[in-house]
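Understanding the architecture of this molecule
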Amino acid sequence: MQLAANYPTQEHERAADAIVDFFARRAETEAVLLVNSCARGRASRDSCLDMVALALPEVLAEKGPELEAAWEEFYRSGAVFRELEAAGKYAEVHLDIADGRYKPVEHDWTGGPDPFELEVGNHMAYSVPLWERGDYYGRLKAKWLPYYDEELRKKRLANVLRFCLNNLDHIPLYVERELYFQSFDRLYNAYREFLQALFISRRAYPIAYDKWIKEQIVEILGLPELYEQLPKLFEIEHFESRELADKAGDLRRLVDEYAR
C-alpha cells in the first residue's frame with residue numbers, strides 16, 4: 001500500500017503543518033506521524049485529522065504531563081484549528097502522544113477485540129512520517145514490521161480464537177432464552193474477533209474492525225471471496241428467531257476456514 005499525506009482540504013493541511021511545527025520545536029519529540037484516513041488517501045472534508053507525536057519512553061515518563069499541557073494550550077489557542085473545525089462537520093484534530101511501547105492488554109470476555117494490532121498497524125504500517133528528529137521511528141518500524149514476534153503471534157491467535165468461539169457458543173443459548181439483542185451483541189463481537197484472528201493468522205496488521213472492511217479484506221488480504229460473505233452475516237430477516245443462531249454457525253465456518 002503506497003502511503004503519502006493526502007489532505008481533503010487546505011484546512012486539514014494547514015492544521016497538520018502547525019502541529020508539525022509545534023512538536024518539532026519541543027525537545028521531547030522524536031517524530032510526528034500522520035495516521036488513519038489522511039495517511040491512506042481516504043479522508044473527506046468531514047474527516048478528523050489523526051496524528052501521533054512520538055517521544056522516547058524515558059522522556060515521556062518524565063516530561064509527558066508538561067508536553068500534554070503545552071499541546072492542549074496550543075490547540076485551544078490556535079486559530080488554524082478553529083478553521084479546521086469549521087471546514088467539515090466532524091473535522092477536528094485527534095492527536096496521541098505515544099512512546100512506541102506497544103503491549104497487549106487483558107482481553108475482556110464480552111468486550112470485543114483489544115487494540116494491540118490496531119495500534120501497531122496504524123502507527124507503524126499505515127502512517128506517514130511528517131517530521132523526524134532522529135532514528136526512533138525507524139527503529140520502531142524495524143522492530144514491528146513486517147510483523148511481530150512469532151511466539152507472541154501464536155499466543156495471540158489462540159487467545160483471540162478462544163474469545164471468538166466463546167461468544168459464538170453463547171448465541172444459541174441466548175436465542176433459546178429469547179435474549180435476541182444480547183445474541184446480536186455476541187455475534188458482532190465474535191465477528192470483530194474473527195477479523196482480529198484473520199489478520200493475526202495472515203501476519204498482517206488491520207486498520208479497524210468496524211470500518212474500511214472491504215479495503216482491508218480485498219486490498220490488504222486479497223480475499224474478495226471472503227468479503228462477499230461478511231455482509232450476509234448481518235442480513236437478518238427475522239430478528240426474534242433462530243436466525244441469529246444460524247448466523248453464528250455461518251461465522252464459525254468462516255473461522256474454521258480462514259482463521260485457523
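Note: the structure precedes this text.
Summarised in this report is the structure supplied together with it. (Residues numbered from 1 in each chain as written. Predicted model: local features only at pLDDT ≥ 70, side-chain atom pairs only at ≥ 80, totals over all residues. Heavy atoms only, no water.)

A closer look at the overall build of the protein chain
Helix and strand content of the protein chain: 11 helices and 4 strands. When the backbone C-alpha atoms are referred to their principal axes, the protein chain occupies close to 60 × 45 × 35 Å. For the protein chain, the proportion of its 260 residues judged to be buried stands at 50%. Contacts in the protein chain between residues at least 24 apart in sequence constitute 73% of all its contacts with a sequence separation of at least 6. If you sum the accessible surface of the protein chain, you get close to 13,000 Å²; carbon and sulfur atoms cover 48% of it. Taking the average location of the 34 positive side-chain charges in the protein chain and that of its 47 negative ones, the two points are 3 Å from each other. (Helix = DSSP H or I, 4+ residues; strand = E, 2+ residues; numbered from the N terminus. Buried < 20%, exposed > 50% of the residue type's maximum accessible area, 1.4 Å probe, protein only. Contact = heavy atoms within 4.5 Å. Areas by Shrake-Rupley, 256 points an atom, 1.4 Å probe, with all protein chains shown as cover. Lys, Arg positive; Asp, Glu negative; His and termini not counted. Charge placed at Lys NZ, Arg CZ, Asp CG, Glu CD.)

Thoughts on the nonpolar core
Among the nonpolar cores identified, the biggest contains 57 residues, and L54, F194, I217 and L230 are the most heavily contacted of them. Contributing elements (two or more residues each) for this core: β1 (29–34), β2 (49–55), α5 (116–125), α6 (136–144), α7 (150–176), α8 (180–201), α9 (213–220) and α11 (243–258). Looking at this core element by element, the count peaks at 10 residues for α8. In contact with L54, not counting residues within four places along its chain, are E28, T29, E30, A31, L33, A98, D99, G100, Y102, M124, Y137 and L140. (Core = buried A, V, L, I, M, F, W, Y, C linked by side-chain atoms within 4.5 Å.)

Some details on the packing of α8 against α11
The N-to-C vectors of α8 and α11 enclose an angle of 10 degrees; their axes lie 10 Å apart at closest approach. What the angle tells us is that α8 and α11 run roughly parallel. Judged by residue contacts, Y180, S183, F184, L187, A190, Y191, F194, L198 and S201 of α8 engage L244, K247, A248, L251, L254, V255 and Y258 from α11. Considered class by class, the residues forming the contact of α8 with α11 number 13 nonpolar, 2 polar and 1 charged. (Axes fitted to C-alpha atoms, helices over the stretch in contact; angles between N-to-C directions. Parallel < 35°, antiparallel > 145°, perpendicular 65-115°, else oblique. Nonpolar A, V, L, I, M, F, W, Y, C, P; charged D, E, K, R; others polar.)

Examining a negative patch on the surface
A contiguous patch of negative charge on the surface is contributed by E68, E72, D96 and E119. On the basis of relative accessible area, D96 is assigned to the partly exposed category, the value being 47%. (Patch = residues over 30% accessible without salt bridge, like charges linked within 9 Å, V, L, I, M, F, W, Y side chains within 5 Å. Salt bridge = Lys/Arg side-chain N within 4 Å of Asp/Glu carboxyl O.)

Notes on the pattern of salt bridges
Under the criterion given, the structure shown has 18 salt bridges. In this structure, E215 and R42 form a salt bridge, with 3.3 Å as the shortest nitrogen-oxygen distance. Remark: R42 occurs in the loop between α2 (37–40) and β2 and E215 occurs in helix α9; sequence separation between them is 173 residues. The partly exposed category is assigned to R42, whose relative accessible area is 33%. For the salt bridge of R156 with E117, the shortest nitrogen-to-oxygen distance reads 2.7 Å. One end of the pair, R156, is in helix α7; the other, E117, is in helix α5, with 39 residues separating them in the sequence. With a relative accessible area of 6%, R156 lands in the buried category. With relative accessibility at 0%, the residue E117 sits in the buried group. Counted as one network, the salt bridges with shared partners bring together R40, R42, E215 and E219.

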